[in-house]
Amino acid sequence: MRYLRKLLLVVSVSLFLLFLFGKEMGKALSVHFSEMNDRREKGSLTSMDRLQCKVMYNSMICLGWLFYPEAAEVLHHYLYGKGTDLYLEPGYVRNSPVVQHALGSMKTGDVKAVSFRQNKDWRLSYAVNGFTLEKRQGSVLLSQVIIFSKDSRIVTDLNFFLFKVRIPDGLVHVLEPSPFVVYCHWQL
């Protein structure tokens, strides 16, 4: 019982501090990753920068399996899949409000390029954003070439609910990922 009280106290204090200082922490981390990306662009990355990228992206994969399994699978494949195509199970994707909205305006045979603001569907945005949707007779095909931009203006916001961290997409190139095509197919 004593252990449980101590654990509750630590969790409570941690959440209180995150509530108070989360936004500042998110801003500081965002600046840190932006500066790291600037060093990447200039070719002056340190060994500590490389280590931080390795830890950060592998942590995203590990934690992502719990909360954002599609994104974890896509990121894992980008770093370790050697460029082979990846089939993504349609469970969440087919029910995404973004996908459902796009399909609502499509007729059989239509092909549509879909992009959206992350806050419309955080979970989908971490896996695919800027994808092609093809409405076939009785089925749907979603696909995207996965190759993160090296342009420092292109960023992904990681939403931790109490704060957000902005990560330049180009930073993943420190780990020399392999572009690939991710696709998802389901019956209507």
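Chemist: Mind showing me how you'd approach the pattern of salt bridges here?
Modeler: Pairing is possible between side chains that carry opposite charge, provided their charged atoms lie close to one another. Overall, the coordinates contain 6 salt bridges when judged by the stated rule. A salt bridge links Glu-70 to Arg-123, with the shortest nitrogen-to-oxygen separation between them at 2.8 Å. Of this pair, Glu-70 sits in helix 3 (residues 69–80) while Arg-123 sits in helix 5 (residues 122–127); the two residues are 53 residues apart in sequence, bridging distant segments of the chain. Given the relative accessible area of 25%, Arg-123 is considered partly exposed. Arg-153 serves as the salt-bridge partner of Asp-151, at 2.7 Å between the closest nitrogen and oxygen. Given a relative accessible area of 26%, Asp-151 falls into the partly exposed group. Of the residues examined, Arg-153 reaches a relative accessible area of 68% and is grouped as exposed.

Chemist: I tried to follow the layout of surface pockets on my own but got confused; where do I start?
Modeler: Empty space among the atoms becomes apparent when a probe as large as a water molecule is rolled across them. If you add up the space inside the largest pocket, you get close to 1100 Å³. The wall of the largest pocket is formed by 41 residues, among which Met-60, Ala-71, Tyr-126, Thr-156 and Leu-158 lie closest to the centre. Listed by contribution, the elements that provide at least two residues to the lining of the largest pocket are helix 1 (2–42), helix 2 (47–67), helix 3, helix 5, strand 4 (139–146), strand 5 (155–159) and strand 6 (164–168). Of the residues forming the lining of the largest pocket, the biggest block, 9 residues, is contributed by helix 2. For the lining of the largest pocket, the residue count by class is 31 nonpolar, 9 polar and 1 charged.

The rules behind the values
Residues numbered from 1 in each chain as written. Predicted model: local features only at pLDDT ≥ 70, side-chain atom pairs only at ≥ 80, totals over all residues. Heavy atoms only, no water. Salt bridge = Lys/Arg side-chain N within 4 Å of Asp/Glu carboxyl O. Helix = DSSP H or I, 4+ residues; strand = E, 2+ residues; numbered from the N terminus. Buried < 20%, exposed > 50% of the residue type's maximum accessible area, 1.4 Å probe, protein only. 1 Å grid on protein atoms, 1.4 Å probe; cavity = no way out; pocket = protein on both sides within 12 Å on 5 of 7 lines; lining within 4 Å. Points joined across faces, edges and corners; volume = space filled by probe spheres on them. Nonpolar A, V, L, I, M, F, W, Y, C, P; charged D, E, K, R; others polar.

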